[in-house]
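# A structural walkthrough
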Amino acid sequence: ETGVTQTPRHLVMGMTNKKSLKCEQHLGHNAMYWYKQSAKKPLELMFVYSLEERVENNSVPSRFSPECPNSSHLFLHLHTLQPEDSALYLCASSQDRLWGLNNEQFFGPGTRLTVL
Amino acid sequence: TQLLEQSPQFLSIQEGENLTVYCNSSSVFSSLQWYRQEPGEGPVLLVTVVTGGEVKKLKRLTFQFGDARKDSSLHITAAQPGDTGLYLCAASGSARQLTFGSGTQLTVLP
(Lines give C-alpha, C1' and ligand atoms only; values in the text may rest on other atoms or scores of the structure.)
Protein backbone atom coordinates (compact mmCIF):
# COMPACT_ATOMS: atom_id res chain seq x y z
CA GLU A 1 0.00 0.00 0.00
CA THR A 2 1.17 3.50 -0.79
CA GLY A 3 -0.04 6.97 0.12
CA VAL A 4 -2.98 7.37 2.47
CA THR A 5 -5.53 4.60 2.89
CA GLN A 6 -8.90 4.71 4.63
CA THR A 7 -11.26 1.97 5.76
CA PRO A 8 -14.05 1.35 5.41
CA ARG A 9 -14.83 3.14 2.15
CA HIS A 10 -18.56 3.09 2.89
CA LEU A 11 -20.37 2.89 6.23
CA VAL A 12 -24.05 2.92 7.12
CA MET A 13 -24.90 3.16 10.78
CA GLY A 14 -27.82 3.83 13.05
CA MET A 15 -27.85 6.67 15.54
CA THR A 16 -27.24 4.30 18.44
CA ASN A 17 -24.31 2.46 16.87
CA LYS A 18 -20.63 2.82 17.68
CA LYS A 19 -18.18 2.57 14.81
CA SER A 20 -14.64 3.64 13.97
CA LEU A 21 -12.99 5.01 10.86
CA LYS A 22 -9.38 4.08 10.21
CA CYS A 23 -6.68 5.98 8.34
CA GLU A 24 -3.13 4.84 7.62
CA GLN A 25 -0.38 6.79 5.91
CA HIS A 26 2.66 5.15 4.36
CA LEU A 27 4.54 8.39 3.65
CA GLY A 28 6.53 8.87 6.85
CA HIS A 29 4.66 12.07 7.63
CA ASN A 30 4.39 13.64 11.07
CA ALA A 31 1.00 15.35 10.82
CA MET A 32 -2.43 13.82 10.18
CA TYR A 33 -5.83 15.41 9.73
CA TRP A 34 -9.54 14.57 9.72
CA TYR A 35 -11.82 16.59 7.42
CA LYS A 36 -15.58 16.46 6.87
CA GLN A 37 -16.89 17.04 3.34
CA SER A 38 -20.62 17.69 3.00
CA ALA A 39 -22.51 18.42 -0.20
CA LYS A 40 -22.22 22.04 -1.32
CA LYS A 41 -20.07 22.99 1.70
CA PRO A 42 -16.33 23.56 1.96
CA LEU A 43 -14.13 20.92 3.50
CA GLU A 44 -14.26 21.38 7.26
CA LEU A 45 -11.13 20.68 9.27
CA MET A 46 -12.05 18.60 12.32
CA PHE A 47 -8.82 17.53 14.01
CA VAL A 48 -5.08 17.87 13.53
CA TYR A 49 -2.46 15.61 15.06
CA SER A 50 1.24 16.40 15.03
CA LEU A 51 3.67 13.76 16.28
CA GLU A 52 0.71 11.91 17.81
CA GLU A 53 -0.39 14.95 19.81
CA ARG A 54 -3.73 16.62 19.08
CA VAL A 55 -2.98 20.21 18.20
CA GLU A 56 -6.27 21.37 16.68
CA ASN A 57 -9.87 20.63 17.56
CA ASN A 58 -12.27 22.82 15.64
CA SER A 59 -15.27 22.75 17.97
CA VAL A 60 -16.24 19.28 16.89
CA PRO A 61 -19.08 17.61 18.86
CA SER A 62 -17.96 15.05 21.40
CA ARG A 63 -19.75 12.28 19.53
CA PHE A 64 -16.62 12.35 17.31
CA SER A 65 -13.54 11.11 19.16
CA PRO A 66 -10.16 10.95 17.43
CA GLU A 67 -7.26 8.70 18.35
CA CYS A 68 -3.69 8.71 17.07
CA PRO A 69 -1.78 5.74 18.50
CA ASN A 70 1.31 6.41 16.35
CA SER A 71 2.38 8.69 13.53
CA SER A 72 1.11 6.30 10.85
CA HIS A 73 -2.40 5.62 12.13
CA LEU A 74 -5.39 7.81 12.86
CA PHE A 75 -8.84 6.76 14.00
CA LEU A 76 -12.15 8.55 14.30
CA HIS A 77 -14.47 6.89 16.79
CA LEU A 78 -18.16 7.57 16.23
CA HIS A 79 -21.03 7.18 18.68
CA THR A 80 -24.64 8.38 18.83
CA LEU A 81 -24.32 10.26 15.56
CA GLN A 82 -27.07 12.32 13.96
CA PRO A 83 -28.35 12.12 10.37
CA GLU A 84 -26.73 15.50 9.65
CA ASP A 85 -23.36 13.86 10.32
CA SER A 86 -23.73 11.95 7.05
CA ALA A 87 -20.83 13.07 4.85
CA LEU A 88 -17.53 12.04 3.29
CA TYR A 89 -14.84 11.89 5.97
CA LEU A 90 -11.38 12.50 4.58
CA CYS A 91 -8.06 11.79 6.22
CA ALA A 92 -4.91 13.60 5.15
CA SER A 93 -1.27 13.70 6.11
CA SER A 94 1.62 16.09 5.60
CA GLN A 95 5.31 16.19 6.45
CA ASP A 96 4.58 18.51 9.34
CA ARG A 97 1.74 20.78 10.42
CA LEU A 98 3.41 24.01 9.47
CA TRP A 99 1.81 25.54 6.42
CA GLY A 100 4.21 26.30 3.64
CA LEU A 101 5.20 25.89 0.03
CA ASN A 102 6.56 22.41 0.42
CA ASN A 103 4.06 21.08 2.92
CA GLU A 104 1.52 19.40 0.68
CA GLN A 105 -1.39 17.55 2.24
CA PHE A 106 -1.99 14.08 0.83
CA PHE A 107 -5.58 12.89 1.10
CA GLY A 108 -7.03 9.43 1.40
CA PRO A 109 -10.07 8.37 -0.66
CA GLY A 110 -12.46 9.01 2.21
CA THR A 111 -15.17 7.08 4.02
CA ARG A 112 -18.71 7.76 2.83
CA LEU A 113 -20.77 7.74 6.03
CA THR A 114 -24.54 7.52 6.13
CA VAL A 115 -26.35 7.85 9.46
CA LEU A 116 -29.91 6.55 9.48
CA THR B 1 -13.00 33.28 9.72
CA GLN B 2 -11.26 33.38 6.36
CA LEU B 3 -13.70 32.54 3.59
CA LEU B 4 -12.89 31.47 0.07
CA GLU B 5 -15.60 31.91 -2.55
CA GLN B 6 -15.33 29.87 -5.71
CA SER B 7 -17.18 30.55 -8.93
CA PRO B 8 -18.89 29.23 -10.83
CA GLN B 9 -20.24 26.49 -8.59
CA PHE B 10 -21.02 24.26 -11.60
CA LEU B 11 -19.62 24.34 -15.12
CA SER B 12 -20.46 22.04 -18.01
CA ILE B 13 -18.62 22.51 -21.31
CA GLN B 14 -17.81 20.66 -24.51
CA GLU B 15 -14.44 19.06 -25.14
CA GLY B 16 -12.03 21.55 -26.68
CA GLU B 17 -13.46 24.64 -25.03
CA ASN B 18 -11.54 26.93 -22.71
CA LEU B 19 -12.66 27.84 -19.21
CA THR B 20 -11.69 29.85 -16.17
CA VAL B 21 -12.68 29.30 -12.57
CA TYR B 22 -12.15 31.76 -9.76
CA CYS B 23 -11.29 31.76 -6.10
CA ASN B 24 -11.87 35.01 -4.21
CA SER B 25 -11.54 36.29 -0.67
CA SER B 26 -11.43 39.51 1.27
CA SER B 27 -8.44 38.16 3.22
CA VAL B 28 -4.78 38.19 2.29
CA PHE B 29 -3.15 34.79 2.12
CA SER B 30 0.45 33.74 2.45
CA SER B 31 -0.08 31.09 -0.20
CA LEU B 32 -2.85 29.34 -2.07
CA GLN B 33 -3.30 25.83 -3.41
CA TRP B 34 -5.51 24.29 -6.08
CA TYR B 35 -6.69 20.70 -5.76
CA ARG B 36 -8.71 18.43 -8.05
CA GLN B 37 -11.01 15.80 -6.61
CA GLU B 38 -12.43 12.98 -8.72
CA PRO B 39 -15.46 10.90 -7.71
CA GLY B 40 -14.64 8.38 -5.01
CA GLU B 41 -11.24 9.91 -4.32
CA GLY B 42 -9.69 12.52 -2.07
CA PRO B 43 -8.39 15.86 -3.37
CA VAL B 44 -5.05 15.83 -5.15
CA LEU B 45 -2.78 18.87 -5.12
CA LEU B 46 -2.26 20.54 -8.51
CA VAL B 47 -0.22 23.61 -7.61
CA THR B 48 0.84 25.99 -4.84
CA VAL B 49 1.28 29.72 -5.50
CA VAL B 50 2.99 32.00 -3.01
CA THR B 51 3.93 35.29 -4.69
CA GLY B 52 1.46 38.01 -5.66
CA GLY B 53 1.05 38.05 -9.44
CA GLU B 54 2.63 34.62 -9.80
CA VAL B 55 1.61 32.53 -12.81
CA LYS B 56 2.22 28.79 -12.97
CA LYS B 57 1.50 26.44 -15.84
CA LEU B 58 0.80 22.73 -15.66
CA LYS B 59 0.32 21.47 -19.21
CA ARG B 60 -3.06 22.95 -20.28
CA LEU B 61 -3.73 24.45 -16.84
CA THR B 62 -2.66 27.99 -15.97
CA PHE B 63 -2.85 29.22 -12.39
CA GLN B 64 -2.58 32.85 -11.34
CA PHE B 65 -2.30 34.38 -7.88
CA GLY B 66 -3.68 37.90 -7.59
CA ASP B 67 -1.29 40.80 -7.03
CA ALA B 68 -2.80 41.43 -3.60
CA ARG B 69 -2.79 37.70 -2.74
CA LYS B 70 -6.56 37.72 -2.14
CA ASP B 71 -7.69 35.82 -5.20
CA SER B 72 -6.66 33.27 -7.77
CA SER B 73 -7.80 31.87 -11.07
CA LEU B 74 -7.43 28.58 -12.88
CA HIS B 75 -7.64 28.58 -16.68
CA ILE B 76 -7.92 25.37 -18.67
CA THR B 77 -7.21 25.42 -22.39
CA ALA B 78 -8.83 22.91 -24.73
CA ALA B 79 -10.59 21.02 -21.95
CA GLN B 80 -10.75 17.24 -22.13
CA PRO B 81 -13.14 14.76 -20.48
CA GLY B 82 -10.28 13.75 -18.18
CA ASP B 83 -10.37 17.26 -16.69
CA THR B 84 -13.78 16.51 -15.19
CA GLY B 85 -13.78 16.83 -11.41
CA LEU B 86 -14.25 19.10 -8.42
CA TYR B 87 -11.69 21.90 -8.35
CA LEU B 88 -10.94 23.22 -4.89
CA CYS B 89 -8.87 26.18 -3.83
CA ALA B 90 -7.33 26.25 -0.37
CA ALA B 91 -5.35 28.89 1.41
CA SER B 92 -3.68 29.70 4.67
CA GLY B 93 -3.29 33.07 6.25
CA SER B 94 -2.88 34.34 9.76
CA ALA B 95 -4.79 31.40 11.21
CA ARG B 96 -2.07 29.02 9.98
CA GLN B 97 -4.87 26.66 9.07
CA LEU B 98 -5.84 25.44 5.63
CA THR B 99 -9.22 26.88 4.55
CA PHE B 100 -10.99 25.36 1.56
CA GLY B 101 -13.46 26.89 -0.86
CA SER B 102 -16.66 25.02 -1.68
CA GLY B 103 -15.37 24.08 -5.10
CA THR B 104 -16.26 24.25 -8.79
CA GLN B 105 -17.73 21.07 -10.25
CA LEU B 106 -16.46 20.83 -13.83
CA THR B 107 -17.93 18.46 -16.40
CA VAL B 108 -16.31 18.19 -19.82
CA LEU B 109 -18.55 16.47 -22.34
CA PRO B 110 -17.00 14.47 -25.19
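To start, this report covers the structure provided alongside it. Remember, predicted model here, so these are calculated numbers, not experimental data.

## Describing the side chain of B:Thr104
All names here are of chain B. With respect to the helices, strands and loops of the structure, threonine 104 is situated in strand 11 (residues 104–109). Note on threonine 104: relative accessible area 0%, which makes it buried. Of note is the side chain of threonine 104, whose polar atom sits 2.6 Å from the backbone oxygen of proline 8.

## Quick look at the interface of chain B and chain A
Listed per partner, the contact involves 22 residues of chain B and 21 residues of chain A. Carbon and sulfur atoms supply 57% of the area that chain B and chain A bury against each other, a total of about 1700 Å² over both sides. Along the contact surface separating chain B from chain A lie zero salt bridges. Here chain B and chain A share three residue pairs in polar contact (both at pLDDT 80 or more) between them. Those elements that provide at least two residues to the side of chain B that touches chain A are strand 4 (31–37), strand 5 (44–49) and strand 9 (85–92) of chain B. Counted by class, the side of chain B that touches chain A contains eight nonpolar, twelve polar and two charged residues.

## Considerations on the pattern of salt bridges
Under the definition given, this model contains five salt bridges over all chains. Taking the shortest distance from any N to any O, the salt bridge between A:Arg63 and A:Asp85 comes out at 2.7 Å. Pair noted here: A:Arg63 is in the loop between strand 6 (53–57) and strand 7 (64–70) and A:Asp85 is in the loop between strand 8 (73–79) and strand 9 (87–94), with a separation of 22 residues, a long-range link. Using a relative accessible area of 2% as the deciding quantity, one classes A:Asp85 as buried. Note that B:Asp83 and B:Arg60 form a salt bridge whose closest N and O atoms lie 2.9 Å from each other. With B:Asp83 in the loop between strand 8 (71–76) and strand 9 and B:Arg60 in the loop between strand 6 (55–58) and strand 7 (61–65), this residue pair connects regions lying 23 residues apart in the sequence. Assessed through its relative accessible area of 4%, B:Asp83 is described here as buried.

## What about the pairing of strand 5 of chain B?
Residue and element names in this part refer to chain B. For strand 5, the buried fraction is high: five of the six residues fall into the buried class. Strand direction decides the pairing type here: strand 4 and strand 5, joined by five bridges, are antiparallel. Counted as the bridge partner of tryptophan 34 is valine 47 from strand 5. Counting the residues that bridge the hairpin from strand 4 to strand 5 gives six residues, and of these glycine 40 lies at a positive phi of roughly 75°.

Calculation rules
- Residues numbered from 1 in each chain as written.
- Chains lettered and ligands numbered in written order.
- Predicted model: local features only at pLDDT ≥ 70, side-chain atom pairs only at ≥ 80, totals over all residues.
- Heavy atoms only, no water.
- Helix = DSSP H or I, 4+ residues; strand = E, 2+ residues; numbered from the N terminus.
- Buried < 20%, exposed > 50% of the residue type's maximum accessible area, 1.4 Å probe, protein only.
- Polar contact = N/O pair within 3.5 Å; in protein donor to acceptor, adjacent residues only side chain to side chain.
- Contact = heavy atoms within 4.5 Å.
- Buried area = accessible area lost by both parts, 1.4 Å probe.
- Salt bridge = Lys/Arg side-chain N within 4 Å of Asp/Glu carboxyl O.
- Nonpolar A, V, L, I, M, F, W, Y, C, P; charged D, E, K, R; others polar.
- Pairing = 2+ DSSP bridges.

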